[in-house]
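Each chain, letter by letter, is given below.
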Amino acid sequence: MQKTWEEIDHYARQWIKEAGTRIRATFAEKLTVETKSHRNDLVTNVDRETERFFIENIRKTFPHHHVLGEEGFGDNITTLEGVVWIIDPIDGTMNFVHQQRNFAISIGVFENGVGMLGYVYDVVQDELYAARKGEGAFLNEKPLAPLEPVSVSEAIISLNATWVTENKRIDPSVLAPLVKDARGTRSYGSAALEMAYVAAGRLDAYITMRLSPWDFAGGLVLVQEVGGIVTNLYGEPLRLLEKNSVFVSKPGLHEEILQKYIHS
Ligand code: 2AM
Ligand code: CA
Ligand code: CA
């Protein structure tokens, strides 16, 4: 019989908590750290083991679901038809390796391309940000309030300093005025956590130039559920199977930034 979203949510939460317990246990062990696309793109045995843990559980429990995982243990996904889990077992691996904090498990579950479930689990703080489409978003047991509009002058914006120095993806003069006009900027090094912080009202916006689907899938569902706006930097919808620039924001602020800084 087809499982309900309530049941799927129940399993997802249980696996996320168990994976978190396993990850915390690894702090006492020696990590194997390797690099992927470049010398600062890290992966560890824990990233791989965590992804495999989710995929084994999903395949056993929901054999008709598909999985797109960062570490490549999932399916070769070419369409969003049916139910697709998009998983980043550790988002913020550099933080995981160097700091043992500021990293998260990120999961989005989509049905025919529509975000149904979103999770970002801050493993060290034991904070689970979770949303079910139409049912609201929660930080552990606490419901998250709908996001209220704010202006740039009162906004804390999360942005990596890379994007206001010479880089391959954007002229540094585009975002530098925004950095200057905002109340403050921050950078946490985990896209999933930064999106969860926008959902929870701890940040007002988050901007980055290049993320993969697993970096933003969980956060996308969370932020949309509290009335936040998730687009690429040019205000267009994100493509779920491609790399995108990502611009996550409270309402009002999203339009202000697009009009004054991006399209000016
Ligand atoms: P990751 O830790 O799962 O790689 C800050 O680096 C944020 O950007 C993290 O969320 C990180 O996810 C993500 N990111 C995406 N592509 C990356 C890459 N090629 N190298 C490093 N971080 C990347
Ligand atoms: Ca990631
Ligand atoms: Ca990762």
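Being a predicted model, the structure only gives us computed values, none of them experimental.

## Describing the overall build of the protein chain
- In terms of regular secondary structure, the protein chain is built from 7 helices and 14 strands.
- What you see for the protein chain is a C-alpha radius of gyration of 18 Å, in line with the 18 Å of a compact globule of 264 residues.
- The C-alpha extent of the protein chain, read off along each of the three principal axes, is 50 × 40 × 35 Å.
- Out of the 264 residues in the protein chain, the part that is buried amounts to 52%.
- Pairs at least 24 apart in sequence give 61% of the contacts found in the protein chain among residues at least 6 apart.
- Carbon and sulfur atoms form 46% of the exposed surface of the protein chain, whose accessible area is close to 12,400 Å².
- Distance between charge centres in the protein chain, computed from 27 positive and 36 negative side chains, equals 4 Å.

## Details of the coordination of the calcium ion (ligand 3)
- Coordination of the calcium ion (ligand 3) by the protein involves Glu70 (OE), Asp88 (OD), Asp88 (OD) and Ile90 (O), with metal-donor separations of 2.2 to 3.1 Å.
- Within one chain, the residues donating to the calcium ion (ligand 3) are spaced in sequence as E-x17-D-x1-I.
- Between the calcium ion (ligand 3) and the calcium ion (ligand 2), a spacing of 3.7 Å is present, and a bridge between the two is formed by Asp88. Of the two residues, Glu70 is situated in the loop between strand E3 (66-69) and strand E4 (83-91) and Ile90 in strand E4; the sequence distance between them amounts to 20 residues.

About the thresholds
Here the residue index of a chain counts from 1 through its sequence in written order. Starting at A for chains and at 1 for ligands, labels are handed out in the order in which the entities are written. For a predicted model such as this one, the threshold for reporting local features is a pLDDT of at least 70, and the threshold for listing and counting side-chain atom pairs is 80 or more; totals across whole chains, interfaces and linings nevertheless cover every residue. Excluded from the side-chain calculation are hydrogens and water; included are all heavy atoms of the structure. Only runs of H or I of at least four residues qualify as helices and only runs of E of at least two qualify as strands under DSSP, and these elements are numbered from the N terminus. Throughout, the radius of gyration refers to the C-alpha atoms, and the reference size of a globule is 2.2 Å times the residue count to the power 0.38. Buried residues are those whose accessible area, probed at 1.4 Å on protein chains only, stays under 20% of the maximum for their type, while exposed residues exceed 50% and partly exposed ones sit between those limits. When checking whether two residues touch, look at their non-hydrogen atoms; a contact exists if any pair is within 4.5 Å. Each accessible area is a Shrake-Rupley estimate made with a 1.4 Å probe; only the visible protein chains count as cover when residues are assessed. Note on charges: Lys and Arg go in the positive column, Asp and Glu in the negative column, and His and the chain ends are not counted at all. To locate a charge, take NZ of a lysine, CZ of an arginine, CG of an aspartate or CD of a glutamate. Sites may look incomplete because water is not among the atoms; the donors themselves are N, O and S atoms within 2.8 Å of the metal, or within 3.2 Å for Na, K and Ca.

Coordinates in, geometry out; function isn't part of it.
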